[in-house]
Amino acid sequence: MLDKLREGAQGKVAKIILGLIILSFALAGVGSYLNGPARTAPATVNGNDISAPALENAYRNERARMESQMGEAFNQLAANPDYMKQFRRGVLDRLIDQALIDDKARSLGLRVSDEQIKQAIVEMPEFAEDGKFSNDRYLQLIRRAGMTPEMFRDSLRQDMVRQQLMGALLGSEFALKGEAEQLDKLYNQTRDLRLVRLAASAYMGEVEVSDAEVDQFYKANSGRFMNDEKVKVDYLLLDAANLGKNIKVTEQDAQDYYDQHQDLFQRAERRRVAHILIPFGKDEKAAQQKADELLAKVKGGEDFATLAKANSSDTFSAKKGGELDWFEKGVMDPAFEQAAFALAKTGDLSAVVKSPFGFHIIKLLAVEPAKTKMFADVMSETISRLQADKAKELFFAEQQKMADSSFENPDSLDLTAEAMGLKVISSDYFSQADAQAPLNDPKVLAAAFSEQLRDENTNSDVIELSDGKALVLHIMGRQPKAAKPLAEIKDQVIAAIKHEKASEVARGKAQGLLDKLHAGEDIQADLTALGLKVESHKGVSRFAQEMDQNLLAQAFRMPHPKDGKPSVELVAEANGDRVVVALDKVNVTKEPSQMVSLLQGQLGQGKAQADYKSLIDELRKAAKIEYFTDVEATVE
C-alpha cells in the first residue's frame, strides 16, 4: 500500500495539484504584502502618522473645553452632524499644525536641556504643597493623568521647544503707538447724517402678484419655506422625586443619625458688636485721623453709642448706636471679622480697622459660644435630609438598572419598562424648536435626532437631566426636513413677493431723489409730494445700536464731504427699506482715548497671529499631508 502511495505522489496529477497549492499560498502572501495592514491613522505629515488615539484625546479635550465654555449652546451645535464633522477636522488640523511646528523646530536645532525641564516642573504651582515642590504630589498627579514621569518629561520638552519657536516668532511683533492712535481715532470717529427713508411697506398697495409669479418664486425659494425635521420617540422617565415619596424614615432613624453626626448640628460661635464707620472720602489720611480721634474719645470715657449716632456713615446701624446683628465667622469682611473675633470680653474695643468700606472702631457687645443644636429643633430637618439621601441612593441604583436593561434589550423599551415598573411614554412628532419638557433638554435632543441611533434602531444611553431626572429613549419615527406645500404657505409667498416688489418701487423712487442730489437740484418739492421727511442724526458712532447695521456700515464707508457739499448714497436696509444718506460732516477726536494702550496690544497680537498663519501656510505648502477621512470619522 505504501509503494502505491509513493507511486501516486510521483504522478503528473499529483504534481499539478501540488503546484496549484503552492501557487495559491504564494498569491495569498503577495496579496497580504500588497494590501498591508489596515490604516489606523487619520492623517500623515511628511510620512509621520497623526495617530487615532492622539486625535481622539485632542477631540475629547477640545469638546470638554467648549462644553465648559458654551454650556447648552454647544450641546445644540453638537446635535448637527455637519458641524461636528467640521469640528473634528478643525481639531485634526491643529494637530497637523503642531506636527509641522515640531518639524520646523527640529530643523532649526531648537533644544531644551534636562535642567530646564527639571526647573520648569519644580516651579509648577500644581505640584506645590505649602509653597514648595512636592515630589509625591507630582507623581500622584501625573499618574492620575495616565502618564509616567518619562512621558510627562517628553511632553513638556515638546511644549517648551514649541514655545521657543513661537516666542521667537510671535514675541518679536509689536505695534507703534502712532498706529494705535490712528486706529483709536477711527474707532471714535462720529458722523453727522441726514436720511430720507422710503419704507417698502408704504408701496405694498401699488404692486400686484400673478399666479405664475407665485409658482416661480416658490420653486426658486422653496428653501425659505421648509418644515423642520421631526421625530417621535418612546421614552422612560426616572424621577428622584417620585422615588422619595415611598421612602419612610422614622424618628428613631433620625435620632441615630443625629447621634452619629454631631458635627453637622453644631452652631458656630456668634458675636454681636457695635461699630463706627468713617469712610475714606477724598482724603484717606484725614479719615484715619478722625477715626483715631474718635477711638481716643471712647477710651476717654465718652459714650460709644452717642459717637456712633453722630459720626458713623453706616446710617442704618448708627440709629441703634452702631449695633449690628449677630454674625458668625465667614460673614463679614475678613479684616473686620478678624478684629471682632480677637476681642476677649464684652466691652472691649478694637484698634482702628481698615476695610474696603473705610475705617472702623469695633466694640464687643456679646458672645454666644458654639453649641450643639437640640434634636427636637432639627428632627424634621434630619428626616428630610435622610429621605433625600436615600432617594438619591435609590435614584442612582435605579438609573444603573435602567442603563443595564436598556443596553441588554436595545430593540425597544418594553422589557426595561416591565423590569422597572415604569410606563413607556410615547411622544408626538416634534422638532428641535418645539420639543416639550423633558425632551427639550439639549442632551435629549442630541440623542433624539441622532442619525446613529436612528440607523441602528437602538435605545439611547441613559441621559441624566438637571432636575433629578433621567431618561432613556428610542426613536420611533422621523419626518425629514422638506419644503412645505405651496397651498399651506401661499399667503407667505405672496407677501414675500409683494415686499420684494415694493422694495424695488422704493428703490426706484429713491434713485430718482439721488440723481437730483447728484445734479445739485433741490428735492424738497419731491419730498413733499412723496410725503417724506428728512431725519437728522448728529454724532453717529460706528457702534450705534439703534440704527440699521447695513446703513451704519455704508455710512462709515462713504467718502468725506468736499467743498462744503455732502456725500450722498443710496443704501438698502436689512428689512428692504431704501434710504438716501447724506453725509454732512466727519467728526474726529483731537485727543486719543484711554483705549490706545489696549489697541496697541491688540494690534501687536493681530500681527503675531498673521505671522503664525503665514508660517503655517508656508509649512503646509512644503509638506506632504494626507487625510484619511474614513479613519477620521470614527472619532466620536
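Residues numbered from 1 in each chain as written. Predicted model: local features only at pLDDT ≥ 70, side-chain atom pairs only at ≥ 80, totals over all residues. Heavy atoms only, no water.

Which parts of the structure should I look at to understand the packing of aromatic side chains?
In the structure shown here, the tally under the stated rule is 13 aromatic pairs. On the numbers, 5.2 Å between centres and 90° between planes, the contact of Phe280 with Phe359 is edge-to-face. Pair noted here: Phe280 is in the loop between strand S9 (270-278) and helix H13 (284-299) and Phe359 is in strand S11 (residues 358-368), with a separation of 79 residues, a long-range link. Here the aromatic cluster, defined as three or more aromatic residues joined through ring pairs, consists of Phe127, Phe133, Tyr138 and Phe152. One residue, Arg89, lies across the ring of Tyr627, its end atom 4.1 Å from the ring centre. (Phe/Tyr/Trp six-rings, centres within 6.5 Å; stacked < 30°, edge-to-face > 60°. Helix = DSSP H or I, 4+ residues; strand = E, 2+ residues; numbered from the N terminus. Lys NZ or Arg CZ within 6 Å of the ring centre and 35° of its normal.)

I'm lost on the pattern of salt bridges in this one. Help?
Opposite charge on two side chains permits pairing when their charged atoms draw close. Inspection of the entire model under this criterion finds 31 salt bridges. Of the charged contacts, one joins Lys354 and Glu284 as a salt bridge, the two residues approaching to 2.8 Å between their closest N and O atoms. On the criterion of sequence distance, the pair formed by Lys354 in strand S10 (residues 353-355) and Glu284 in helix H13 is long-range, its members being 70 residues apart. According to the relative accessible area criterion, Glu284 is partly exposed, its value standing at 36%. Ionic contacts of the salt-bridge type, sharing partners, join the residues Glu62, Arg65 and Arg94 into one network. (Salt bridge = Lys/Arg side-chain N within 4 Å of Asp/Glu carboxyl O. Buried < 20%, exposed > 50% of the residue type's maximum accessible area, 1.4 Å probe, protein only.)

Even after reading the chapter, I still don't get a nonpolar patch on the surface, so can you show me in this structure?
Taken together, the side chains of Tyr187, Phe543 and Met595 make up a nonpolar region of the molecular surface, amounting to roughly 280 Å² of accessible area. Topologically, Met595 is positioned in the loop between strand S19 (578-587) and helix H24 (596-622). (Patch = residues over 30% accessible without salt bridge, like charges linked within 9 Å, V, L, I, M, F, W, Y side chains within 5 Å. Areas by Shrake-Rupley, 256 points an atom, 1.4 Å probe, with all protein chains shown as cover.)

Even after reading the chapter, I still don't get the nonpolar core, so can you show me in this structure?
Soluble globular proteins tend to pack their nonpolar side chains together in the buried interior. Within the largest apolar cluster, 37 residues are counted, with the highest numbers of intra-cluster contacts made by Ile50 and Phe152. Secondary structure elements with two or more residues in this core: strand S1 (43-45), helix H3 (52-70), helix H4 (72-78), helix H5 (81-107), helix H6 (114-122), helix H7 (135-144), helix H8 (149-170) and H24. Ranked by residues supplied to this core, first place goes to H5 with ten residues. Ignoring any residue separated from it by four or fewer positions in sequence, one finds Phe152 in contact with Ile121, Met124, Phe127, Tyr138, Ile142 and Met147. Formed by 17 residues, the second largest nonpolar core is a distinct cluster that contains Phe430, Leu439, Leu465 and Ile475. (Core = buried A, V, L, I, M, F, W, Y, C linked by side-chain atoms within 4.5 Å. Contact = heavy atoms within 4.5 Å.)

Would you mind going over the environment of Val196 with me for this structure?
Tracing the sequence through the fold places Val196 in strand S5 (residues 190-198). Through-space distance from the C-alpha of Val196 to that of Val580 is 5.1 Å; in sequence the pair is 384 residues apart. Residues in contact with Val196, not counting those within four places in the same chain, are Leu513, Leu527, Leu532, Lys533, Val534, Arg578, Val579 and Val580.

Explanation requested: the sheet that holds S5 in the structure shown.
Whenever strands of a sheet pair, they do so through backbone hydrogen bonds, lying parallel or antiparallel. Strand order in the open sheet made by the four strands is S17-S5-S19-S18, with antiparallel pairing throughout. One side of each edge strand has no neighbouring strand; the edge strands of this open sheet are strand S17 (534-541) and strand S18 (567-572). Each adjacent strand pair in this sheet contributes to an overall mean axis angle of 30°, direction not counted. One ladder, built from six bridges, connects S5 with S17; its direction is antiparallel. What sits directly across from Leu195, in S17, is Glu535. Against the sheet, helix H21 (residues 486-518) makes contact with S5, S18 and S19, and its axis sits at roughly 40° relative to S19, the strand it touches most. (Pairing = 2+ DSSP bridges. Axes fitted to C-alpha atoms, helices over the stretch in contact; angles between N-to-C directions.)

I would appreciate a short explanation of the sheet that holds S11 in the present structure.
The antiparallel open sheet is built from three strands, whose spatial order is S9-S11-S10. Of all the strands in the sheet, the pair left with one neighbour each is S9 and S10. Direction aside, the axes of adjacent strands within the sheet are offset by 45° on average. Relative to S11, S9 runs antiparallel, the two being bridged by nine bridges. Pairing of Arg272 across the sheet is with Ala366, part of S11.

Is there a simple way to explain the UniProt feature "domain: PpiC" (unreviewed entry) in the chain in this structure?
Under the present numbering, the feature "domain: PpiC" (unreviewed entry) in UniProt falls on residues 268-366. In residues 268-366, the share of helix is 37% and the share of strand is 21%. The end C-alpha atoms are 14 Å apart. (UniProt positions renumbered as here; feature names shortened; annotations may be inferred.)

Please explain unusual backbone geometry as it appears in this structure.
It is generally the case that most residues other than glycine have a negative phi and that most peptide bonds are trans. A cis amide bond links Ala437 to the next residue, Pro438, at an omega of 5°. With phi around 55°, Asn46 is a residue other than glycine that occupies positive phi space. Position of Asn46 relative to the elements: it lies in the loop between S1 and strand S2 (48-50). On the basis of relative accessibility, which here comes to 39%, the residue Asn46 falls in the partly exposed class. Of note in the backbone geometry, Asp563 takes a positive phi value of approximately 55° without being a glycine.

Got a minute to help me understand a negative patch on the surface in this structure?
On the surface, a cluster of negative charge is contributed by Asp82, Glu451, Asp455 and Glu456. If you tally residues by element for the negative patch, the top one is helix H20 (residues 451-456), at three residues. Take Asp455: it is sitting in helix H20. Given a relative accessible area of 61%, Asp455 falls into the exposed group. (Lys, Arg positive; Asp, Glu negative; His and termini not counted. Charge placed at Lys NZ, Arg CZ, Asp CG, Glu CD.)

Looking at this structure, how should I read the pairing of strand S7 (residues 230-239)?
Most of S7 sits out of view: seven of its ten residues are buried. Pairing analysis gives ten bridges linking S7 to strand S15 (residues 469-479), with the strands arranged antiparallel. Looking at S15, one finds that Val231 is bridged to Arg478.

I'm lost on the packing of helix H9 (residues 177-188) against H24 in this one. Help?
In helix packing, the relevant descriptors are the interaxial angle and the interaxial distance, both defined with respect to the helix axes. Contact pair H9 / H24: the axes reach a minimum separation of 8 Å and the direction vectors enclose 110°. By the criterion of interaxial angle, the relationship of H9 to H24 is roughly perpendicular. The handedness of the crossing between H9 and H24 comes out as right-handed. Contact residues: H9 offers Lys177, Glu179, Ala180, Glu181, Leu183, Asp184 and Tyr187, while H24 offers Val596, Leu599, Gln600, Leu603 and Lys607. Here the residues of the contact of H9 with H24 sort into six nonpolar, one polar and five charged. (Parallel < 35°, antiparallel > 145°, perpendicular 65-115°, else oblique. Left-handed = near helix turned anticlockwise from the far one by under 90°. Nonpolar A, V, L, I, M, F, W, Y, C, P; charged D, E, K, R; others polar.)

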